[in-house]
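Chain residues, written in single-letter form:
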Amino acid sequence: MNDTPETPPAAKPKPKSGWLNIAIDYGPLLVFFLVYKWFSPSEDGNAVGEVLAIVKGTGAFIAAAVIAVAVSKWKLGHVTPMLMLSTALIVFFGGLTILFQDPVFVQVKPTIIYVVFAIALLVGVWRGKALLKYLLDAAFEGLSDTGWMKLSRNWGFYFIALALLNEVLRAMLSFDAWLAAKLWVFLPLSFLFTFTQLPMMLREGLGKEEEEEAVTEHPPA
């Protein structure tokens, strides 16, 4: 009789975000932008046509946001709290936009999201809890607890800056220009801010676990 213990099955790797996660996060906004531009009147001063384009874009925005949640659950196996909150606000404020035909509800939504995330992260840091770790743990493996605290704090202040910027642009720009800024200003800023955090995260252990595993599994000949 062979008493050799069975080798336990290897743990399933955590799903990575990559481009699919970016598409889930920003795809609905791109759909909104494209539908709005498609139905936007070509002549200036057509207020009725402008409002109708916003309403149609908002309807597509809501549908795309719900689809993004379904795709996240299907492909990634989970739906992050950030995505759930964002989708709930899109449906709520998008519904108000369609009901009252006023674009201000769509424009205020990002400010509310940024403020909520900022408060949650900064209160978590104040209480000694890095809430961002529960949302992005699979994306930044090996990051130390100190690194997660710093990252949560920095993102908290960054969300405050985004909320202020959104309100300034909302007050200064037309709806068309504000919508373009959401794609061509806010998205690049988020990527740039993420890259500025990399040196700190590398100092705090980002990726070291994978390096140690590689050395253990494949020692030099």
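Quick caveat: nothing in here was measured; it's all calculated off a predicted structure.

Caption draft 1: Region of interest: the side chain of lysine 182. Structurally, the position occupied by lysine 182 is in helix 7 (residues 175-196). This buried residue, lysine 182, is left without a salt bridge; glutamate 167 holds the nearest opposite charge, at 9.8 Å. Setting aside chain neighbours within four positions, we find lysine 182 in contact with Leu29, Pro110, Tyr114, Asn166 and Leu187.

Caption draft 2: The packing of helix 4 (residues 104-126) against helix 6 (residues 145-172), seen in detail. Orientation of helix 4 relative to helix 6, taken along the N-to-C sense of each, is 155 degrees, at an axis distance of 8 Å. On the basis of their axis angle, the class for helix 4 and helix 6 is roughly antiparallel. The chirality of how helix 4 crosses helix 6 is left-handed. When grouped by side-chain class, the residues that make up the contact of helix 4 with helix 6 number 17 nonpolar, five polar and three charged.

Caption draft 3: Broad picture of the confidence of the model for the protein chain. Summary statistics for the protein chain give a mean pLDDT of 81 and a share of 82% for residues scoring 70 or more. Mean pLDDT values for the elements of the protein chain range from 47 in helix 9 (residues 208-217) up to 94 in helix 6. The low-confidence segment residues 10-15 (pLDDT under 50) makes five contacts with residues lying over four places distant or belonging to another chain. Low confidence marks residues 210-221, where pLDDT is under 50. Its contacts with residues over four positions away, or in another chain, come to two contacts.

Caption draft 4: Structural view of the nonpolar core. Phe32, Leu151, Trp155, Phe159 and Leu179 are the most contacted members of the largest nonpolar core, which has 41 residues in total. Going through the elements one at a time, helix 1 (18-39), helix 2 (47-76), helix 3 (81-100), helix 4, helix 6, helix 7 and helix 8 (198-203) are the ones with two or more residues in this core. Considering every element that reaches this core, the biggest residue donor is helix 6, with eight residues. Residue contacts for phenylalanine 159: discarding those within four places in its chain leaves Met82, Tyr114, Phe117, Ala118 and Leu121.

Caption draft 5: Geometry of the pattern of salt bridges. Summed over all chains, the structure comprises four salt bridges. A salt bridge links aspartate 176 to lysine 37; the nearest nitrogen and oxygen atoms lie 3.5 Å apart. Of this pair, aspartate 176 sits in helix 7 while lysine 37 is found in helix 1, placing the two residues 139 residues apart along the sequence. A relative accessible area of 39% places lysine 37 in the partly exposed class.

What counts and what doesn't
Residues numbered from 1 in each chain as written. Predicted model: local features only at pLDDT ≥ 70, side-chain atom pairs only at ≥ 80, totals over all residues. Heavy atoms only, no water. Helix = DSSP H or I, 4+ residues; strand = E, 2+ residues; numbered from the N terminus. Buried < 20%, exposed > 50% of the residue type's maximum accessible area, 1.4 Å probe, protein only. Lys, Arg positive; Asp, Glu negative; His and termini not counted. Salt bridge = Lys/Arg side-chain N within 4 Å of Asp/Glu carboxyl O. Contact = heavy atoms within 4.5 Å. Axes fitted to C-alpha atoms, helices over the stretch in contact; angles between N-to-C directions. Parallel < 35°, antiparallel > 145°, perpendicular 65-115°, else oblique. Left-handed = near helix turned anticlockwise from the far one by under 90°. Nonpolar A, V, L, I, M, F, W, Y, C, P; charged D, E, K, R; others polar. pLDDT = per-residue confidence, 0-100. Core = buried A, V, L, I, M, F, W, Y, C linked by side-chain atoms within 4.5 Å.

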